[in-house]
Amino acid sequence: PQTVGLPVILLTAKGQTMDRITGYNAGADAYIPKPFDPKELVSIVDSLLDKQELLATPDVNLQDLQSDLREIKDLLLRQGGGGSLVPGFV
């Protein structure tokens, strides 16, 4: 679809950890609980737009980025960085 590359920012009254995890698992690029500072929202929008521009350049290899992100995720999960979803995390 035409909106596949469109960043998604969830601005919501739900701010608990599981709410944020659910939002990110649903595909959100950013999750901002209310009340929020408009400066933070502008900063997030700017960051997402910058990221879109960077990813649109021909010298960015998406497969390398995906591989790096998977490696970071694995390291976090092995070291207890998955929060309460990982047994033994304090």
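Residues numbered from 1 in each chain as written. Predicted model: local features only at pLDDT ≥ 70, side-chain atom pairs only at ≥ 80, totals over all residues. Heavy atoms only, no water.

Colleague: Just give me the short version of the overall build of the protein, but keep the residues and values in it.
Modeller: A tally of helices and strands in the protein yields 3 helices and 2 strands. Of the regular secondary structure in the protein, the N- to C-terminal order runs β-α-β-α-α. The buried share of the protein, reckoned over its 90 residues, is 12%. Partitioning the intrachain contacts of the protein with sequence separation of at least 6 by distance along the chain shows that 21% fall at a separation of at least 24. As displayed, the protein offers around 7400 Å² of accessible surface, 58% of which is attributable to carbon and sulfur atoms. (Helix = DSSP H or I, 4+ residues; strand = E, 2+ residues; numbered from the N terminus. Buried < 20%, exposed > 50% of the residue type's maximum accessible area, 1.4 Å probe, protein only. Contact = heavy atoms within 4.5 Å. Areas by Shrake-Rupley, 256 points an atom, 1.4 Å probe, with all protein chains shown as cover.)

Colleague: Describe the packing of aromatic side chains, and please don't skip the residues or the numbers.
Modeller: Tallied over the full model, the rule gives 1 aromatic pair. Judged by centre distance (6.3 Å) and plane angle (50°), the ring pair of Tyr 24 and Tyr 31 falls under tilted. (Phe/Tyr/Trp six-rings, centres within 6.5 Å; stacked < 30°, edge-to-face > 60°.)

Colleague: Describe the environment of Thr 12, naming the residues involved and giving the relevant values.
Modeller: Tracing the sequence through the fold places Thr 12 in strand β1 (residues 9-12). When the C-alpha positions of Thr 12 and Tyr 31 are compared, they lie 7.7 Å apart, and in sequence the two are 19 residues distant. Ignoring sequence-local partners within four residues, the contact set of Thr 12 consists of Tyr 31, Ile 32, Pro 33 and Lys 34. Here Lys 14 takes part through its backbone nitrogen, which lies 3.1 Å from a polar atom of the side chain of Thr 12. (Polar contact = N/O pair within 3.5 Å; in protein donor to acceptor, adjacent residues only side chain to side chain.)

Colleague: So what's going on with the confidence of the model for the protein? Which residues, and what values?
Modeller: This prediction gives the protein a mean pLDDT of 83; 87% of its residues lie at or above 70. Low confidence marks residues 86-90, where pLDDT is under 50. Its contacts with residues over four positions away, or in another chain, come to 6 contacts. (pLDDT = per-residue confidence, 0-100.)

Colleague: How would you explain the pairing of strand β2 (residues 30-33) if you had to name every residue and give the values?
Modeller: As judged from the 4 bridges shared by β1 and β2, these two strands associate in the parallel manner. Paired with Ile 9 across the two strands is Ala 30, which belongs to β2. Handedness of the crossover joining β1 and β2 through helix α1 (residues 17-25): right-handed. (Pairing = 2+ DSSP bridges. Right-handed = clockwise from strand over helix to strand, strands pointing away.)

Colleague: Residue-level account of a negative patch on the surface, with values.
Modeller: Taken together, the side chains of Asp 64, Asp 68, Glu 71 and Asp 74 present a region of like negative charge at the surface. Residue placement: Asp 68 occurs in helix α3 (residues 62-78). (Patch = residues over 30% accessible without salt bridge, like charges linked within 9 Å, V, L, I, M, F, W, Y side chains within 5 Å. Salt bridge = Lys/Arg side-chain N within 4 Å of Asp/Glu carboxyl O. Lys, Arg positive; Asp, Glu negative; His and termini not counted. Charge placed at Lys NZ, Arg CZ, Asp CG, Glu CD.)

Colleague: Any chance you could break down α3 for me, citing the residues and the numbers?
Modeller: Here α3 spans 24 Å end to end across 17 residues, near enough to the 24 Å set by a 1.5 Å rise per residue. A positive backbone phi angle near 85° is found at Gly 80, which sits one or two residues after α3. (Expected span 1.5 Å × (residues − 1).)

Colleague: Describe the environment of Gln 52, listing the residues and the values that go with them.
Modeller: Considering the arrangement of structural elements, one finds Gln 52 in helix α2 (residues 38-55). Taking the C-alpha atoms as reference points, Gln 52 and Leu 6, 46 residues apart in sequence, are found 8.8 Å from one another. With residues near it in sequence (within four places) discarded, Gln 52 still touches Gly 5, Leu 6 and Pro 7.

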